[in-house]
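Chain by chain, the residues run as shown.
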Amino acid sequence: MNYMQSFIEASESLLANKMRSGLTVLGIIIGVAAVIAILAIGNGTQQSILGEIQGVGTNLLFVTPGGSEDVSNPKPLTLADAVALADPFSAPSIDGVAPVLNGRVEMNYAGENKSTTLVGVTPGYATVRNVGLSEGQFISDTDFSGRSAVVLLGTEVAEGLFGRKSGLVGEKVRIEGQPFRVIGVLEEKGGSAMGSEDDQILVPMTTAQTRLLQRATPNEVDVIYVQAVNSEAVPQASLEISQILSSRHRIMIGEEDFSILSQQDFLDLASTITGVLTIFLGGIAAISLLVGGIGIMNIMLVSVVERTREIGLRKALGARRIDILSQFLIESSLLSLIGGFIGILLGWGLSVIVEQIAAGSGTPIVPVMSLDAVLLAVLFSAAIGIFFGLYPANRASKLEPVEALRYE
Amino acid sequence: MNDYIVDANNLTKVFTMGDVEVHALRGLSVQIKRGEVVSIMGPSGSGKSTLMNILGCLDRPTSGEYCLDGESVANLKDEQLASIRNRKVGFVFQMFNLLPRSTALTNVELPLRYSPPNGRKRREQAKEALEGVGLGDRIGHRPNELSGGQQQRVAIARALVTDPAIVMADEPTGNLDSKSGDEIMELLLRMNQEHGTTLIIVTHDPEIAEHTQRVIHIRDGVVAEQ
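Note that this is a predicted model, so its numbers are computed, not measured.

Visitor: Whenever I open this one, the overall build of chain A confuses me. Can you help?
Guide: A count of helices and strands for chain A gives 13 helices and 12 strands. The C-alpha atoms of chain A give a radius of gyration of 33 Å, which is well past the 22 Å a tight globule of 408 residues would have. For chain A, the spread of C-alpha atoms along the principal axes amounts to about 105 × 55 × 35 Å. Per-residue burial over chain A gives 40% buried out of 408 residues.

Visitor: Would you take a moment to explain the confidence of the model for chain B for this structure?
Guide: Parts of the prediction with low pLDDT should not have their coordinates interpreted in detail. Confidence in the prediction for chain B averages 89 pLDDT; 97% of positions are at 70 or higher. Predicted complex, confidence summary: ipTM 0.91, pTM 0.71.

Visitor: Can you walk me through the interface of chain B and chain A in this structure?
Guide: Size of an interface, as often reported, equals the accessible area lost when the parts are brought together. Each partner contributes residues to the interface: chain B has 18 residues there, and chain A has 18 residues. Among the elements of the structure, α2 (78–88) and α3 (104–113) of chain B are those that each provide at least two residues to the side of chain B that touches chain A. In terms of residue count, α2 of chain B provides more of the side of chain B that touches chain A than any other element does, six residues in total. Across the side of chain B that touches chain A, the residue classes tally to seven nonpolar, five polar and six charged.

Visitor: What is the right way to read helix α1 (residues 48–55) of chain B from this model?
Guide: All names here are of chain B. Most of α1 is tucked away: seven of the eight residues are buried. Every buried residue of α1 is listed here: Lys48, Thr50, Leu51, Met52, Asn53, Ile54 and Leu55. Looking one or two residues beyond α1, the residue adopting positive phi is cysteine 57, at roughly 65°.

What counts, and at which threshold
Residues numbered from 1 in each chain as written. Chains lettered and ligands numbered in written order. Predicted model: local features only at pLDDT ≥ 70, side-chain atom pairs only at ≥ 80, totals over all residues. Helix = DSSP H or I, 4+ residues; strand = E, 2+ residues; numbered from the N terminus. Rg over C-alpha atoms; globule rule 2.2 N^0.38 Å. Buried ≥ 20, exposed ≤ 12 C-beta atoms within 10 Å, placed from the backbone. pLDDT = per-residue confidence, 0-100. Contact = placed C-beta atoms within 7 Å. Nonpolar A, V, L, I, M, F, W, Y, C, P; charged D, E, K, R; others polar.

Take a look at the structure:
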């Protein structure tokens, strides 16, 4: 067999019907482009979400009050709970603990008003949540025990009140009407899937409890962030938290009045959601690829009928069934491969456009063109060409030379 | 081994059209010597097309024996018949049957594509065959750029390029004016003399038949007279 010759011949016969071949290829192009673009954007979204979650640290656990619904007399989490969790003897897998108190507050400075999220924190918060400062220093033990009226500003808050992000240490602001001294500015983090961390202010938890966010139970906290010693220790840490809190709250295991979530839980959830979305959209795109394949089959069938005499002639000159079969298969797979290649380029272009649009609207997605997806598309389109070309090609190869030669 | 390149004995062919059986050949026997020029004549429906298809290995007889160039071919499978056609039979059709989009050279090369590689370059072989029919300066032309006579010459070059044992020509001059027709007949006869190719011409035209050494008349599926 002379493959080069077959290839040239197939291209010639496809070029002879440029319009028809072009439209047939278009079906495949659209299908492949859709599949490629959706997979690339899906992967990109997944990676950017997972990256954000991982950026927070995979050894982080969240303890929140409220657990299974039918717990009688649920107790809130308190500062004492946090202190108990920090005990290295009863909880060896736990590295750091950071209880926080959250609330919305009104701030003002020189007539500028801004509503923002206030987070009451302990000095240990900085290490557990990996908080960096662009200037100033973090809340100290003295600030904490002395209930100091000091505040750390997120960049968005600083921008809103002062119109600048630096040179703010020592400035005085009012929170809910009370004067606070700015001791630092938080490092800019940018937007994230879990809300902007730049639009918040940090104050000592003791200050927040007494002056800003009064709660029913003394020393009540909203969330306790727990840092495990490493990401492998997360399940063990979760177990230790459960045991310590259960005994402190005097409840049985399984009837907790608190919930423990690890970063892994968020990661799993996020990958499940984005994975399902990608498969769902990819499935829809694959249907268009299928339709493109049917287009190829249709055109090949027409082509077989049109070229009946040619097939008869070739058979008379000694072509075997396999020769005719491969001739038509090469044509159909050439159609789908060309479509596949153009489709990959177009799909890539589409995902770049989506990237631009996403970047413009403030949610950066970097489309990930994995080699897998490209190989998959190429193989899939070739397979479609062969699969949908097989029936027409087989039909052509079965023609009787005598009948085919006589065909008008 | 005998001297006959075509040795067909007692050929029958039955077509079934619905419930009706049509006997196209009824025990026909024909022998043709190596290098002979023979024409087959007969009215339509006489079975001469069926005979030509069988002799050209395009079709199998329902019963009977057929030896082509010493090989028994009556009971071969499709793939084996294809190989026999490729190696031993050249076809010249009334409608030329050239590939319209391919050049003269590619058309002549076509049968070589289906034969095993044979040392010599196909392209050279095809070029020689075209030069042999006097179209050495037309190798790059497509069929629609050639006259009818020239197209038929390309077809003859295609039939001869594999150096076949027999050439079957089905009304080779039927679509040509008389001048081109005469030229084609001359060419065919010259090829017979130069290469010793056995030539079987199926025709209606008594004038064509006159050019041949022997005329086989077919009537109702048997040989009427020779």
